[in-house]
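Below are the chains, spelled out letter by letter.
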Amino acid sequence: MEHNGILEKDIDKAAELILSAKYVVALTGAGMSVESGIRPFRGPDGLWTERGEPPMDGFRRFMSDPKSGWEKLLTGELYPTELVEAFFNAKPNPGHHALAELESLGILKYLITQNVDNLHRDAGNKNVAEIHGNIRKLRCIDCNTRFPIEEISLAELPPRCPKCKGMVKTDGVMFGEPIPQDVLRICQQETDKCDCMLTAGTTALIYPAAGFPQEVSHKGGMLIEVDPYVTALTPMCTVSLRGKGGDVLPVLVEHIKVRMNK
Ligand code: ZN
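A. Spatial organisation of the coordination of the zinc ion. Only Cys-140 (SG), Cys-143 (SG), Cys-161 (SG) and Cys-164 (SG) from the protein coordinate the zinc ion, and they sit 2.2 to 2.4 Å from it. Seen from the zinc ion, its 4 donor atoms lie at angles of 98 to 115°, and the figure they make is tetrahedral. Summarised as a motif, the one-chain spacing of the donors to the zinc ion is C-x2-C-x17-C-x2-C. With Cys-143 in the loop between strand S6 (137–140) and strand S7 (146–148) and Cys-164 in the loop between S7 and strand S8 (168–170), this residue pair connects regions lying 21 residues apart in the sequence. On the basis of relative accessibility, which here comes to 31%, the residue Cys-143 falls in the partly exposed class.

Listed below in structure tokens is the structure:
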């Protein structure tokens, strides 16, 4: 039997593996957000493929003159307005809701995402590590505290941290900016515990995210991927489910619930 072209038996196999695992962690990337109307940066339909990659030293430029960097942010000079609007208007899709349900069932222990759009949290996931930050937050570069944008006064630029007076920037990780150590530490801890990683909508080419499923595979754990295309991870996967997250993940979670008698 097929479901949207995906073999039912593969989905059921994935459900069985997930239920046999002790510690399931999900890793998601840009493909997950496409169905919510957010264009990917890379790949054939990518924003950067169309417009050219932004400067690779964005962080250095910002830090060399934070006041001017902030002004460019606020006037829309730094990021295309259509991109920022797409981020703020986006709503979670059925794939996000399925992963949130998997967490509420007690099966998904943690979710690592490369996405900055907050859609996993909007869907209800609580245990989320955002490798590249969150577009709806600001972050103090000294103490790493994150703040909702509306909590920080932008009357003076650059804004200052209410806790330590350090400089506040966007939480989104800029080109050339190190991934915040606290997030990396969580990703590493969760990968160490993980014996089954479910990847969705990530080409697994961009580090550090690409390294986590490889580590799980190398220590003998299971990899299950959900993606319309063959990825760099495919050769390592126990099961590959070809399709969009919004189509595949809800069916997968239904199969898991049937097996749990829920
Ligand atoms: Zn601070």
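B. Up close: the nonpolar core. Ile-18, Leu-198, Leu-241, Leu-249 and Leu-252 are the most contacted members of the largest nonpolar core, which totals 31 residues. Within the residue set of this core, elements represented by two or more residues are helix H1 (8–20), strand S3 (24–28), helix H7 (94–104), strand S4 (108–113), strand S9 (196–200), strand S10 (222–226), strand S11 (239–241) and helix H11 (245–259). Per-element tally for this core: the top contributor is H11, with 6 residues.

C. Unusual backbone geometry, seen in detail. Of the consecutive residues Leu-157 and Pro-158, the connecting peptide bond is found in the cis state with omega at -10°. Omega for the peptide link from Tyr-207 to Pro-208 comes to 5°, which places this bond in the cis form. By the secondary structure assignment, Pro-208 is in the loop between S9 and helix H10 (211–218). For Ala-204, which is not a glycine, the phi torsion comes out positive at approximately 55°. Among the secondary structure elements, Ala-204 is positioned in the loop between S9 and H10. With a phi angle near 60°, Asn-261 is a residue other than glycine that sits in the positive phi range. Locating Asn-261 in the fold gives a position in the segment after H11. For Asn-261, a relative accessible area of 73% corresponds to the exposed category.

Definitions and cut-offs
Residues numbered from 1 in each chain as written. Predicted model: local features only at pLDDT ≥ 70, side-chain atom pairs only at ≥ 80, totals over all residues. Heavy atoms only, no water. Donors = N, O, S within 2.8 Å, 3.2 Å for Na, K, Ca; no water. Tetrahedral: all angles 85-135°; square planar, octahedral: opposite > 155°, others 65-115°. Helix = DSSP H or I, 4+ residues; strand = E, 2+ residues; numbered from the N terminus. Buried < 20%, exposed > 50% of the residue type's maximum accessible area, 1.4 Å probe, protein only. Core = buried A, V, L, I, M, F, W, Y, C linked by side-chain atoms within 4.5 Å.

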